[in-house]
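Observations on the model geometry
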Amino acid sequence: MRNESRRRRKRQFEDDEIITLENVVKAYSAGAPALDGVDLKIKRGEFVFIVGDSGSGKSTLIRLLLRELVATSGYINVIGYDLGRIKHRKIPKFRRNIGIVFQDFRLLKELTVYDNVAFAQRVIQVSGKEIRRNVPSILATVGLAGKYKAKPRQLSGGEQQRVALARALVNRPTILLADEPTGNLDPKNSWEIMKLMEQINENGTTVIVVTHNREIVNAMQKRVVTMKRGIIVSDEERGMYLDED
Ligand code: ADP
Ligand code: MG
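Residues numbered from 1 in each chain as written. Chains lettered and ligands numbered in written order. Predicted model: local features only at pLDDT ≥ 70, side-chain atom pairs only at ≥ 80, totals over all residues. Heavy atoms only, no water.

1. Examining a nonpolar patch on the surface
Residues L108, F119 and V123 make up a contiguous nonpolar surface patch of roughly 260 Å² in combined accessible area. Examined against the element boundaries, L108 turns out to sit in the loop between β6 (98-102) and α4 (113-122). Overall, L108 belongs to the partly exposed group, its relative accessible area being 36%. (Patch = residues over 30% accessible without salt bridge, like charges linked within 9 Å, V, L, I, M, F, W, Y side chains within 5 Å. Areas by Shrake-Rupley, 256 points an atom, 1.4 Å probe, with all protein chains shown as cover. Salt bridge = Lys/Arg side-chain N within 4 Å of Asp/Glu carboxyl O. Helix = DSSP H or I, 4+ residues; strand = E, 2+ residues; numbered from the N terminus. Buried < 20%, exposed > 50% of the residue type's maximum accessible area, 1.4 Å probe, protein only.)

Shown next as structure tokens:
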């Protein structure tokens, strides 16, 4: 205990640090942990790619940042919340700061495009008046202004991912997390979704994108964190997608 409190007192944050992981281990069961001692700092406003083989721990990292999972050991702080100590009743408020997009879109099939996005605002009790202002605005940003009334099954994959992106962004999150957002998209739609995320980042949102898309990573010249078997094996500003061996 004494060691622990001394360590906490000594911890120094840089002013604009928004995500901090220190020696994070996540073990689902006996055997090799999914994350095996991860240190990572991300600053407000960064755009970061996370790459690595399947099974290297990328999704586990994302789920820890959302506090969907709790670390086995180590320290995680996101936007000032110590995720090892956060009270259960504070988790919803914490999550409002984070937008999330997945490979498989996860839209509500029976709801229209408009209502899929509005739903995210209704659950946090935004007023009807604000919803009627915010939803059209974000749908225009992602290029879906003419599709309010469509249901997900009437849309292409690229359009469905734009709806998911609009839903993730409508509450103006501080951080956008995307776990293989282009995994089900063709190259053209993949580029369009990545360019939208870059634009969102340029407007101030911190963006973290897990991807296998080598061509896009190499073209975009962003920070690239490479994972392998639960550890970070490289972390480069303006990095490249490393060859898997
Ligand atoms: P990635 O997203 O890089 O493919 P994951 O984080 O999904 O990797 O998985 C990392 C490791 O943890 C893998 O060995 C995977 O089998 C294991 N794992 C992931 N989720 C679970 C789970 N819910 N229960 C048990 N093991 C899991
Ligand atoms: Mg994954």
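2. Observations concerning the site of ligand 1
Around ligand 1, a shell composed of Y28, A34, D53, S54, G55, S56, G57, K58, S59 and T60 is seen. G55 has a polar backbone atom sitting 2.7 Å from an oxygen atom of ligand 1. Within the contact set of ligand 1, an oxygen atom lies 2.5 Å away from a side-chain nitrogen or oxygen of T60. Classifying every residue of the shell around ligand 1 gives 2 nonpolar, 6 polar and 2 charged. (Near = heavy atom within 4 Å. Polar contact = N/O pair within 3.5 Å; in protein donor to acceptor, adjacent residues only side chain to side chain. Nonpolar A, V, L, I, M, F, W, Y, C, P; charged D, E, K, R; others polar.)

3. Here's the deal with the pattern of salt bridges
Between side chains of opposite charge, a pair can form as their charged atoms come close. This structure, assessed with the given rule, holds 12 salt bridges. Linking K147 and E159 is a salt bridge whose minimum nitrogen-to-oxygen distance equals 3.5 Å. Highlighted residues: K147 in the loop between α5 (128-141) and α6 (157-169) and E159 in helix α6, separated in sequence by 12 residues. A salt bridge links K188 to E192; the nearest nitrogen and oxygen atoms lie 3.3 Å apart. On the criterion of helical spacing, the pair formed by K188 and E192 is a turn pair, its members being 4 residues apart in helix α7 (residues 187-202). Each of the salt bridges in this network shares a partner with another, and the network as a whole consists of E46, R223 and D235.

4. What about the nonpolar core?
Judged by nonpolar contacts, the single largest core of 42 residues is most densely connected at F49, V117, V135, L165, L176, M197 and V209. Within the residue set of this core, elements represented by two or more residues are β3 (47-52), α4, α5, α6, β7 (175-179), α7, β8 (206-210) and α8 (214-220). A total of 6 residues in this core trace back to one element, the largest contributor, which is α6. Not counting the four nearest positions on each side in its chain, M197 is found in contact with F47, L165, L176, A178, P181, V207 and V209. Ranked by size, the runner-up nonpolar core spans 32 residues in total, among them I62, L65, I86 and I100. (Core = buried A, V, L, I, M, F, W, Y, C linked by side-chain atoms within 4.5 Å. Contact = heavy atoms within 4.5 Å.)

5. Things to note about the sheet that holds strand β5 (residues 81-82)
Read from one edge to the other, the open sheet built from 4 strands follows the order β2-β1-β4-β5, with strand pairing classed as antiparallel. Bordering the open sheet on either side are β2 (35-43) and β5, each of which pairs with just one other strand. Here strand β1 (residues 17-26) runs beside strand β4 (residues 73-78); their pairing, made up of 5 bridges, is antiparallel. The residue bridging E22 from the neighbouring strand is Y75, located in β4. The strands that helix α2 (residues 58-65) touches are β1, β2 and β4; relative to β1, the one it contacts most, it runs at about 120°. (Pairing = 2+ DSSP bridges. Axes fitted to C-alpha atoms, helices over the stretch in contact; angles between N-to-C directions.)

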